[in-house]
Structure formats: C-alpha cells, structure tokens
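What follows is each chain in one-letter form.
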Amino acid sequence: MIKIIKKTRDRYSNLPVGVKAAMWFTFCSFLQQAISLLTTPVFTRLMTTDEYGVWTVYGSWRSTLGVFITLQLAAGGFGKAMLKFKNRYAYVSSMICLTFVSVGAWSVVLFLGRNVFPELLELRLPYLFSMLVSLFFQQVFSLWAGKQRFEYQYKRLVAITAIATVLTPMFSIVAIQAGANTVDARVYGQAIVNAVCYGGIMIVILVKGRCFYNREYWKYSFPFGLAMIPHYLANSVLSSSDRIMIGQMVGSTESALYNIGYSIANIMVLFLTSVLSAFSPWMMIRIDQKNFQNVKYITNMLGVCFCTLSLLPILAGPEVISILATHEYSQSVWVIPPVAGSIYFIYIHNLFSCVQFFYEKKTFIVVASCSAAAVNVLLNYIFIGLFGYVAAAYTT
C-alpha cells in the first residue's frame, strides 16, 4: 500500500504544471458546486418547502440580474484579455473598479425603485441590496480566479475556494440554529462570507494593479460585456426561467420540487462546467499557438466522456433524492432524465463559444443563445400550464 501511494505521489510530482493546474482547477470548480449539493439535505430539512422556494427564486433572480449588474466581465472576453494585455494585475484591478461603478449605479436604480422592485421580483428590498453586495465580491473572486487559471497558480485558489465554500453553508446553518429566519440566514450569510473571504483579494489586487481606470481596458471590456448581455441573459434564462415560471404559474412548492430534481440532474453539468473552466484557458492558449490538432483530440475525448457521464444521474436519480431530501420531494425524480439528456448539447455549445470568444466573433453566440432561450420560455408558457412543473424539464 505504501509503495502504491509513493508511486502515485511520484507520478503526480512529475506531471507538467499545466496538467496539475487543470486537475486542481477542476477540483475547485466542482467543490463549489458539490458542497452546495451536499448541503441540500440539511437545508431541505431546516426550511419549509415555501421557504426553500423563496431561496430558489432568489437564486434565479441573482443569476439573471447578475448579467446586467456585473456585465460578466470575468467571462467571455476575459480569456482573450489575458492574452491581449500584458499587465494582468492592472487589467483585473481596472475591471474591479468598473464592476464597482456598475454596482453603484444599480444601487441607485434599486433605491429609486424601492417601491416597485420588491413587488415585481417577489423579494424583499434588503434581499436585493444583499444581492448586490454578494454579486460584487463574487465578481472580484471570479476575476482573480480567472487570472490564476491563465498563470497556472492553483495553490492559493484551492485554499481560498475551499475556505469560502465551506464557510458559506456553515455560517447559514449556525445562524438558523441561533434562531435567525432561514431565508435571511442564507441570503445574508452568502453576502457576508463573500465580503469577508474576497475582500482581502480585492485589496491585494488594487494595491498591486494600481489601475482604477484605463481607457484601453474599459474600451475593450465594457462594449464587449454590453454586446454579450443577450448571450449571458439567454443562458441565465435557460437555467433559471423554469423555476421562476413554475413559481409564478404553479407555486413556490412546485418550484422547490423542480429545483431538487434539476439540481440532481445538474450534477454532471456542474462537472462539465468545472472541467471547462480549467480547459478553456488551455484551449485559448493552444489556439493562439495554432496548435489545432491537440485541441481536436482533447475536445473529441471530452465529448465522449460527457455523453457517457450524462447517464449517471438518470440511473441513480431515485436513490439520490431519497438521500438528499425528504419523501415530500420524491416526485421530483421525473425531472431528472430530460435535464440530464441536455448535458452533451451544453458541452457542444460551450466548446464553440470558447472559439468564438477567442476570435471576438459575438454574433453567432448571441443568436444561438437567444433563440434557444426564446423557444424555452415559449414552450414553458404553453406546457407548464397544461402538464405541470415536470413539463419544464422537457422544454429545457
């Protein structure tokens, strides 16, 4: 046994730094999503289905509004910017300041519409301001993490990811046990942990970058982010419109049932996203080097892998639901097969999006994403009313 461990350690030590980094980046991304999934049984028992439904709606609006608030500056064109601009600390510092300006502007809009937005979004005003804080610091982390991936600096990223990922649910659970409202504990807990864990990162970047405004950086990223809003919004609509529409057309209880089944089917999507977050920087670097044959081989292998793995949540769905939730959620098993079936197509979409981002060709991505989102919303409107919340899984 000792020899096996030593041999494995030696093999790991001899791996190229790029391979080590890819492994740990995949681990980091998956850890964030896995902890969220593994804590689901705890929160489904601490929260009523109505309370869990409110949290689900909050998460859906956070995902959707985050597109406008943050402009997704850490995605899309960020990879190309890491290759285009040599002073990466200055670029990231400048993007943090651009995000701060955007969040500040939206804070003013929210304050002016304080009598409208809570009723429109079905969320309390403090939750919406907490959302802004959470989104800002999450963007800080995403910008820093993106830089780390391009430089294969994985050790600090692993440490900070692990700390923040564990602290977020722990803080909420402790607050609930201390007597706090369950939804309050989750919403405010997320914002507080993000601010504490990522605030230090922000200070370091701003000190090292010393760039609060750079015309070249803002001129590249701001128009890019604005142009890609339809794409990011469409992706958000594809992932969250189901739960929002179910909550409005059927009820928050059904939204919670759908969310449990969707989350289980989404396990492989989480793994897919984790792998792609590590793979995308590598792919962009290889395209920049004109090493297309290597890209072709790896992408084909990943395609076969994800196609096979999409069967796992379908086969194990009922057993996983019995572990993660109470018997009240047993009917959510019917959501799993159709959602899991979409995994391969999500991979294909993300693969070609990466290539389009590298060449800064935005039109095709926007058209494809918006078309899919529009069809999804239309079919949801038609079939949720006819067949109930499970129909949303099939329209997806």
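Residues numbered from 1 in each chain as written. Predicted model: local features only at pLDDT ≥ 70, side-chain atom pairs only at ≥ 80, totals over all residues. Heavy atoms only, no water.

### Things to note about the overall build of the protein chain
Spelled out, the test is: Going along the chain from the N terminus, every DSSP run of H or I of four or more residues is numbered as a helix, and every run of E of two or more is numbered as a strand. Only the C-alpha atoms count toward the radius of gyration. The rule for a globule is 2.2 Å times the residue count to the power 0.38. Whether two residues touch is decided by their heavy atoms; if any such pair falls within 4.5 Å, the residues are in contact. Exposure was quantified through the Shrake-Rupley algorithm and a 1.4 Å probe, taking into account, for residues, occlusion by the shown protein chains and nothing else. Asp and Glu are treated as the negative residues and Lys and Arg as the positive ones, with His and the ends of the chain left uncounted. Think of each charge as sitting on NZ of Lys, CZ of Arg, CG of Asp or CD of Glu.
From N to C terminus, the protein chain includes 20 helices and zero strands. Scaling as 2.2 N^0.38, a compact globule of 396 residues should have a C-alpha radius of gyration of about 21 Å, and the protein chain matches this with 21 Å. The principal-axis extents of the C-alpha atoms in the protein chain amount to approximately 55 × 50 × 45 Å. Restricting to contacts in the protein chain with at least 6 residues of sequence separation, those with at least 24 account for 81%. Summing over all exposed atoms, the protein chain offers an accessible surface of approximately 18,900 Å²; the carbon and sulfur share of this is 68%. In the protein chain, which carries 29 positive and 14 negative side-chain charges, the distance between the mean positions of the two groups comes to 19 Å.

### Some remarks on the confidence of the model for the protein chain
Short version of the rule: pLDDT is a residue-level measure of predictor confidence that goes from 0 to 100.
For the protein chain, per-residue confidence averages 80 on the pLDDT scale, and residues scoring 70 or more make up 94% of the total. The least confident element of the protein chain is helix 1 (residues 2-13), whose mean pLDDT is 66; the most confident is helix 6 (residues 88-112), at 90.

### A closer look at a nonpolar patch on the surface
Where we set the bar: Residues form patches when they are more than 30% accessible in relative terms and have no salt bridge. Like charges link within 9 Å. Nonpolar side chains (Val, Leu, Ile, Met, Phe, Trp, Tyr) link within 5 Å. Just to be clear on terms, a salt bridge is a Lys or Arg side-chain nitrogen sitting within 4 Å of an Asp or Glu carboxyl oxygen.
Taken together, the side chains of M249, V250, L378, Y381, I382, F383, L386 and F387 make up a nonpolar region of the molecular surface, amounting to roughly 820 Å² of accessible area. For the nonpolar patch, the leading source of residues is helix 19 (residues 363-387), giving six residues. Along the polypeptide, F387 turns up in helix 19.

### Regarding the state of the cysteines
Operational definition: Pairs of cysteine sulfur atoms within 2.5 Å are identified as disulfides in what follows. Remark: exposure states derive from per-residue accessible area (1.4 Å probe, protein chains only) relative to the maximum for the residue type, with buried under 20%, exposed over 50%, and partly exposed in between.
Evaluation of the coordinates by the stated rule reveals zero disulfides. Here C97 stays unpaired: no disulfide links it, and the sulfur of C211, its closest cysteine neighbor, is 7.6 Å away. Note on C97: relative accessible area 14%, which makes it buried.

### Description of helix 11 (residues 215-227)
Formally: Any helix carries an expected span of 1.5 Å times its number of residues minus one. Each direction from the helix axis to a C-beta atom contributes to the arc, which is the arc of those directions. N or O atoms within 3.5 Å of each other form a polar contact, as long as, within protein, one can give a hydrogen and the other can take it, and as long as residues adjacent in sequence are counted only when both atoms are side-chain atoms.
Counted at 1.5 Å a residue, the expected span for helix 11 with its 13 residues is 18 Å, and the 18 Å between its end C-alpha atoms agrees. All of the buried residues in helix 11 are Y217, W218, Y220, S221, F224 and G225. Projected onto a plane normal to the axis of helix 11, the buried residues spread over an arc of 165° and lie on a single side. Summarising the geometry of helix 11, the exposed residues directed more than 90 degrees from the buried face are R215, E216 and K219. For helix 11, the N-terminal cap is N214; the gap from its side-chain oxygen to the backbone nitrogen of E216 is 2.9 Å.

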